[in-house]
Amino acid sequence: MGKAHSLAYSGVPMFFWPTEFLPVKKTIAEATPELAAAAATRFGFSESTSDWRSIIDDPAIDVVDIATPNNLHPEMAIAALAAGKHVICEKPMASTLEGAAAMYAAARTSDAVSMVAFNYRRTPAVALAKRYIEEGAIGTVLNLRGTYLQDWSADPASPLSWRFRKSVAGSGAIGDILSHVIDLAHYLVGSISDVTSLTKTYIPERPVQTAGSDSLGNSRAAGAELGTVDVDDEVLTLVKFAGGAVGSLEATRNAWGRNNFITLEIHGTEGSIYFNYENRDELQVCFRSDEGDRRGFRTVYTGPNHPNGEALWPIPALGIGYGETKIIEAHDFFTAIASGGEVRPDFGDGYQVALVEDAIVRSAESGQWIAVPQLDRASGEVSSR
């Protein structure tokens, strides 16, 4: 994430020009002075520190970017907001529902801009799907099927990093990757109102990581000692949406052959939409209004005529990557700061995702349908049915 965010800050003026702002990468924090100094050189920051609080105390810094393990998010974000700094925070918003609630409360009492880094909604094809839905091109939405499948933790020899420890991560596949699918579902279809869920842990023990940073299962800096995995490897959930649609969401990090397999299939009364992030420049659409002898899925290749197309590449299907979604995210975040406006997803959106995640965990434990508490953004209160 340090690499992705640093690249985004450098890339914003290259893609979105002219611009009202030029990001200046001043100080980066890491766990040790040596790691911090190396990161500053690599990612283009002028200063480094092993004390993140010095960033909060620096009056020259306007924006705090949090890309740490999940349990550290609340303390950092709340301190930054209290100091009047704008905050962008990686997902999931916190390792606990209480932490997410505290972050949202801090954001409500601050004039600063907050953002949760659910960058996949910045993929042009996803934004195009949003446009089609809002225009009514597929009619009333009936169903959404969403998946996020990866294989980086399928190997039992991959080490017990912080992502497998509930005390640090909060959850496994739920917070790490299903949170993205929940955000996409909210973005495209609306608020999830009810869930019934199943979770599974396939690998109960892993070699304890003894050195090095988390490398998403690719690191082998592990000893012979085994440690307990106390988070979920897989989650499946049926959902109901407040607007009347239904759907299913699935996430696992144990699916051999799936790398970053985020898919969305949305059916409406007038058509359907299909998206696969591994073919991120493509959106497949089918419209009921097509003549019967030519009705079927067609592929739209995103380019200059689509969301953010004027800032990206001049030829459709020339190709974007993960980095471009982060550049668009950073641009929207900084634009809100420069204009005094708002940006989504903000800490309210992140808190609502956390409420869904918590309901999924409770449903998996009880085997029952669970109503998702709903955040009233006007009052800041959470209501339960």
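Structure: above.
Computed from a predicted structure; not experimentally measured. (Residues numbered from 1 in each chain as written. Predicted model: local features only at pLDDT ≥ 70, side-chain atom pairs only at ≥ 80, totals over all residues. Heavy atoms only, no water.)

A.B. asks: Looking at this structure, I do not really get the pairing of strand S6 (residues 141-149). What am I missing?
C.D. replies: Successive residues of a regular strand alternate their side chains across the two faces of the sheet. With respect to burial, S6 is a largely interior element, seven of its nine residues being buried. Looking at chain direction, S6 and strand S12 (residues 261-268) are connected through eight bridges and run antiparallel. Bridge pairing links Val 141 to Gly 268 in S12. Two strands pair when backbone bridges link them, and S6 and strand S11 (residues 246-252) are joined in this way by seven bridges, in the parallel orientation. Bridge pairing in S11 places Leu 149 opposite Thr 252. (Buried < 20%, exposed > 50% of the residue type's maximum accessible area, 1.4 Å probe, protein only. Helix = DSSP H or I, 4+ residues; strand = E, 2+ residues; numbered from the N terminus. Pairing = 2+ DSSP bridges.)

A.B. asks: Please clarify how the side chain of Ser 95 should be interpreted in this entry.
C.D. replies: If you trace the backbone, Ser 95 turns up in the loop between strand S4 (86-89) and helix H5 (97-108). In this structure Ser 95 comes out as buried when scored by relative accessible area, which is 18%.

A.B. asks: Which parts of the structure should I look at to understand the nonpolar core?
C.D. replies: Across soluble globular proteins, you tend to see nonpolar side chains buried next to one another. Ranked by size, the top nonpolar core spans 73 residues in total, and within it Ile 192, Val 195, Leu 283 and Phe 347 carry the most contacts. Tallying contributions element by element places helix H8 (residues 173-188) first for this core, with 10 residues. Aside from chain neighbours lying at most four places away, what touches Val 195 is Thr 237, Leu 238, Val 239, Val 356, Ala 359, Ile 360, Ser 363, Gln 368, Trp 369, Ile 370 and Val 372. With 20 residues, the next largest nonpolar core counts Ala 8, Ala 330, Phe 334 and Ala 336 among its residues. (Core = buried A, V, L, I, M, F, W, Y, C linked by side-chain atoms within 4.5 Å. Contact = heavy atoms within 4.5 Å.)

A.B. asks: How should the sheet that holds S4 be read in this particular structure?
C.D. replies: In a beta sheet, neighbouring strands are held together by backbone hydrogen bonds and run either parallel or antiparallel to one another. An order of S3-S4-S5 is seen for the three strands of this open sheet, with the pairing classed as parallel. The open sheet terminates on both sides in strands that have one partner only, identified here as strand S3 (63-66) and strand S5 (114-116). Direction aside, the axes of adjacent strands within the sheet are offset by 10 degrees on average. Of the strand pairs in this sheet, S4 and S5 are connected by three bridges, and their pairing is parallel. What sits directly across from Cys 89, in S5, is Val 116. The sheet strands contacting helix H9 (residues 322-339) are S3, S4 and S5, and the helix crosses S4 at an angle near 160 degrees. (Axes fitted to C-alpha atoms, helices over the stretch in contact; angles between N-to-C directions.)

A.B. asks: Can you help me understand the side chain of Asp 349 in this one?
C.D. replies: Within the element layout of this structure, Asp 349 appears in helix H10 (residues 347-366). On the basis of relative accessibility, which here comes to 13%, the residue Asp 349 falls in the buried class. There is a polar contact of 2.5 Å between the side chain of Asp 349 and the side chain of Arg 344. Discounting chain neighbours no more than four positions away, the residues touching Asp 349 are Arg 344 and Arg 377. (Polar contact = N/O pair within 3.5 Å; in protein donor to acceptor, adjacent residues only side chain to side chain.)

A.B. asks: Just checking my understanding: could you explain the environment of Asp 233 for this structure?
C.D. replies: Position of Asp 233 relative to the elements: it lies in the loop between strand S9 (222-228) and strand S10 (234-241). Placed 42 residues apart in sequence, Asp 233 and Ser 191 show a C-alpha to C-alpha distance of 25 Å.

A.B. asks: Mind showing me how you'd approach the pattern of salt bridges here?
C.D. replies: A side chain of one charge can pair with a side chain of the opposite charge if their charged atoms are brought near each other. Within the structure shown, the criterion is met by 18 salt bridges. The partner of Glu 90 in a salt bridge is Lys 326, and the shortest N-O contact between them spans 2.6 Å. Within this pair, whereas Glu 90 is found in the loop between S4 and H5, its partner Lys 326 is found in helix H9, the two being separated by 236 residues in sequence. Assessed through its relative accessible area of 4%, Glu 90 is described here as buried. The exposure class assigned to Lys 326 is buried, which follows from its relative accessible area of 1%. Note that Asp 332 is salt-bridged to Arg 122, the shortest N-O span being 2.9 Å. (Salt bridge = Lys/Arg side-chain N within 4 Å of Asp/Glu carboxyl O.)

A.B. asks: Can you help me understand the pairing of strand S13 (residues 271-276) in this one?
C.D. replies: Most of S13 is tucked away, with five of its six residues classed as buried. Strand direction decides the pairing type here: S12 and S13, joined by six bridges, are antiparallel. Of the residues in S13, the one forming a bridge with Gly 268 is Gly 271. In this structure, the hairpin formed by S12 and S13 is closed by a connection of two residues. Where S13 hands over to strand S14 (residues 282-287), the hairpin turn is made up of five residues, counted between the paired strands.

A.B. asks: Help me understand H5 in this model?
C.D. replies: Given 3.6 residues per turn, any residue in an α-helix points the same way as the ones three and four places further on. Its 12 residues place the ends of H5 17 Å apart at the C-alpha level, agreeing with the 16 Å of an ideal helix rising 1.5 Å per residue. Regarding H5, the residues found buried are Gly 99, Ala 100, Met 103, Tyr 104, Ala 106 and Ala 107. Take H5 and look down its axis: the buried residues cluster within an arc of 160 degrees, on one side only. In this structure, the buried residues of H5 make contact with helix H4 (73-82), S4, S5, H10 and strand S17 (374-375). (Expected span 1.5 Å × (residues − 1). Arc of directions from axis to C-beta.)

These results come straight from atomic positions and should not be treated as a statement about function.
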